[in-house]
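Residue-level listing of the chains:
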Amino acid sequence: MANIIRISLEKDIKDFYLLFWSIFLPFATLVSLAIFEVNVNETILVGLITMSIFFYCCTTNSFSIFAQRKRGVFDLLTITPFSLWKYLSSITISQTVIACTVSTLLLYSENSIFDLKISALQFVLFIPFFFIGSAIFTLMGFILSSFPKNEGQLSIGSNLVMIPLFLCSSIFFKLGNSPMVVQWLSWINPVEWLQNGYRSILATNYADYLVSVAVLFVFLVITLIISIKTFRMKET
């Protein structure tokens, strides 16, 4: 596992899409908001970090995995003793380490640019959410790459997943004013549980913090199980 994690880390660090989607674009957005003095609240600012994680770990990863599937890279796994869950875990860990590092840098930038007054302890409390959220979205990328037959179908599929996840969350508007179906969907939405966790940190509500971590861990286990099953289904 260590070798796969190392190789994946070296490859991902050189990834252009990582530089654009997860670093350059979010940072440029923050600077633009500050320059034009756009009034944004803390919820939207931390929500931008979630979007950065999703674009890199889910969208970019799904296209990368799909391209490797087309080249027959994963067919080699069937003739090696290396277990599937170890391979998925290795790729997920490498993606998560990078995404968590980028997310922490973005949070530091937001704290500096917008003077959010986030303490050192709060910074530390954000890190588990960055790790778990990155792992969930990476595994979702594996799942999405299992079904399409071409890049066009994958693009449509990733958008069909992304749009409901973010619209059925409280990043851009309060769920209390939304239709009941949206509020119900938010209970099974990992994006909303990430937002709930962020809010619990900013409000120093440690009970909600622990609940959010526990729920997101359940999402992590579920996505891991589904990704393994879809991976095996694709290779058979």
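All values derive from a computational prediction rather than experimental measurement.

Draft legend 1. Structural context of the overall build of the protein chain. Assigned secondary structure in the protein chain consists of nine helices and zero strands. The order of α-helices and β-strands along the protein chain, N terminus first, is α-α-α-α-α-α-α-α-α. Scored against the burial criterion, the 236 residues of the protein chain give a buried share of 47%. Pairs at least 24 residues apart make up 77% of the contacts formed inside the protein chain by residues separated by at least 6 positions. Within the structure as shown, the protein chain displays about 12100 Å² of accessible surface, and the carbon and sulfur contribution to it stands at 71%.

Draft legend 2. Layout of the packing of aromatic side chains. Under the criterion given, the structure shown has ten aromatic pairs. Ring geometry for Phe54 against Phe55: centres 6.5 Å apart, planes inclined by 70 degrees, an arrangement best described as edge-to-face. Relative accessible area serves as the criterion here: at 0%, Phe54 is assigned to the buried category. Ring centres of Phe54 and Phe166 lie 5.5 Å apart, and the angle between their planes is 90 degrees; this geometry places the pair in the edge-to-face category.

Draft legend 3. Representation of helix H3 (residues 42–70) within the structure. Over its 29 residues, H3 extends 42 Å from the first C-alpha to the last, a length consistent with the 42 Å expected when each residue adds 1.5 Å. In the structure, H3 departs most strongly from a straight axis at Asn61, where the bend amounts to approximately 30 degrees. Residue Asn41 occupies the N-cap position of H3, its side-chain oxygen lying 3.1 Å from the main-chain nitrogen of Thr43.

Draft legend 4. Looking closely at the confidence of the model for the protein chain. The predicted model of the protein chain averages 86 in pLDDT, with 89% of residues at 70 or higher. Looking at the elements of the protein chain, mean pLDDT is at its lowest for helix H1 (residues 2–13), recorded as 71, and at its highest for helix H8 (residues 190–202), recorded as 96.

Draft legend 5. Representation of unusual backbone geometry within the structure. Its identity is not glycine, yet Glu37 carries a phi of approximately 55 degrees, on the positive side. Note on placement: Glu37 falls in the loop between helix H2 (16–35) and H3. Assessed through its relative accessible area of 69%, Glu37 is described here as exposed. Of note in this structure, Thr204 is not a glycine but carries a positive phi near 50 degrees. For Thr204, the position within the fold is in the loop between H8 and helix H9 (206–235).

Draft legend 6. Structural detail: the pattern of salt bridges. In the structure shown here, the tally under the stated rule is three salt bridges. As a salt-bridge pair, Lys117 and Asp115 come within 2.8 Å of each other at their nearest N and O atoms. Accessibility expressed as a relative area gives 49% for Asp115, which makes it partly exposed. Linking Glu192 and Arg199 is a salt bridge whose minimum nitrogen-to-oxygen distance equals 3.1 Å.

Draft legend 7. Main features of the side chain of Thr223. Along the polypeptide, Thr223 turns up in helix H9. A relative accessible area of 9% places Thr223 in the buried class. There is a polar contact of 2.9 Å between the side chain of Thr223 and the backbone oxygen of Leu220. With sequence-adjacent residues up to four places away left out, Thr223 is seen in contact with Ile136, Leu139, Met140 and Ile143.

Draft legend 8. Representation of a nonpolar patch on the surface in the model. A surface patch of nonpolar side chains, amounting to about 710 Å² of accessible area, comprises Met180, Val181, Trp184, Leu185, Trp187 and Ile188. Inspection of the secondary structure assignment puts Trp187 in the loop between helix H7 (180–186) and H8.

Draft legend 9. Focus on H8. With 13 residues, H8 extends 19 Å from end C-alpha to end C-alpha; this agrees with the ideal 18 Å at 1.5 Å per step. Extensive coverage of H8 is indicated by the burial of ten of its 13 residues. For H8, the complete set of buried residues consists of Pro190, Val191, Glu192, Trp193, Leu194, Gln195, Gly197, Tyr198, Ser200 and Ile201. Two to three positions downstream of the cap, the backbone nitrogen of Val191 sits 3.0 Å from a side-chain oxygen, assigning the N-cap of H8 to Asn189.

Draft legend 10. Looking closely at the environment of Gln195. Counting through the fold element by element, Gln195 comes out in helix H8. Each C-alpha atom of the pair Gln195 and Ser212 lies 9.0 Å from the other, and the pair is 17 residues apart in sequence. Once residues lying within four places of it in the same chain are set aside, the contact partners of Gln195 are Thr43, Val46, Gly47, Thr50, Ser170 and Ile171. At 3.3 Å, the side chain of Gln195 and the backbone oxygen of Thr43 are in polar contact.

The rules we used
- Residues numbered from 1 in each chain as written.
- Predicted model: local features only at pLDDT ≥ 70, side-chain atom pairs only at ≥ 80, totals over all residues.
- Heavy atoms only, no water.
- Helix = DSSP H or I, 4+ residues; strand = E, 2+ residues; numbered from the N terminus.
- Buried < 20%, exposed > 50% of the residue type's maximum accessible area, 1.4 Å probe, protein only.
- Contact = heavy atoms within 4.5 Å.
- Areas by Shrake-Rupley, 256 points an atom, 1.4 Å probe, with all protein chains shown as cover.
- Phe/Tyr/Trp six-rings, centres within 6.5 Å; stacked < 30°, edge-to-face > 60°.
- Expected span 1.5 Å × (residues − 1).
- Bend = angle between axes of the 7 residues up to and from the residue.
- Polar contact = N/O pair within 3.5 Å; in protein donor to acceptor, adjacent residues only side chain to side chain.
- pLDDT = per-residue confidence, 0-100.
- Salt bridge = Lys/Arg side-chain N within 4 Å of Asp/Glu carboxyl O.
- Patch = residues over 30% accessible without salt bridge, like charges linked within 9 Å, V, L, I, M, F, W, Y side chains within 5 Å.

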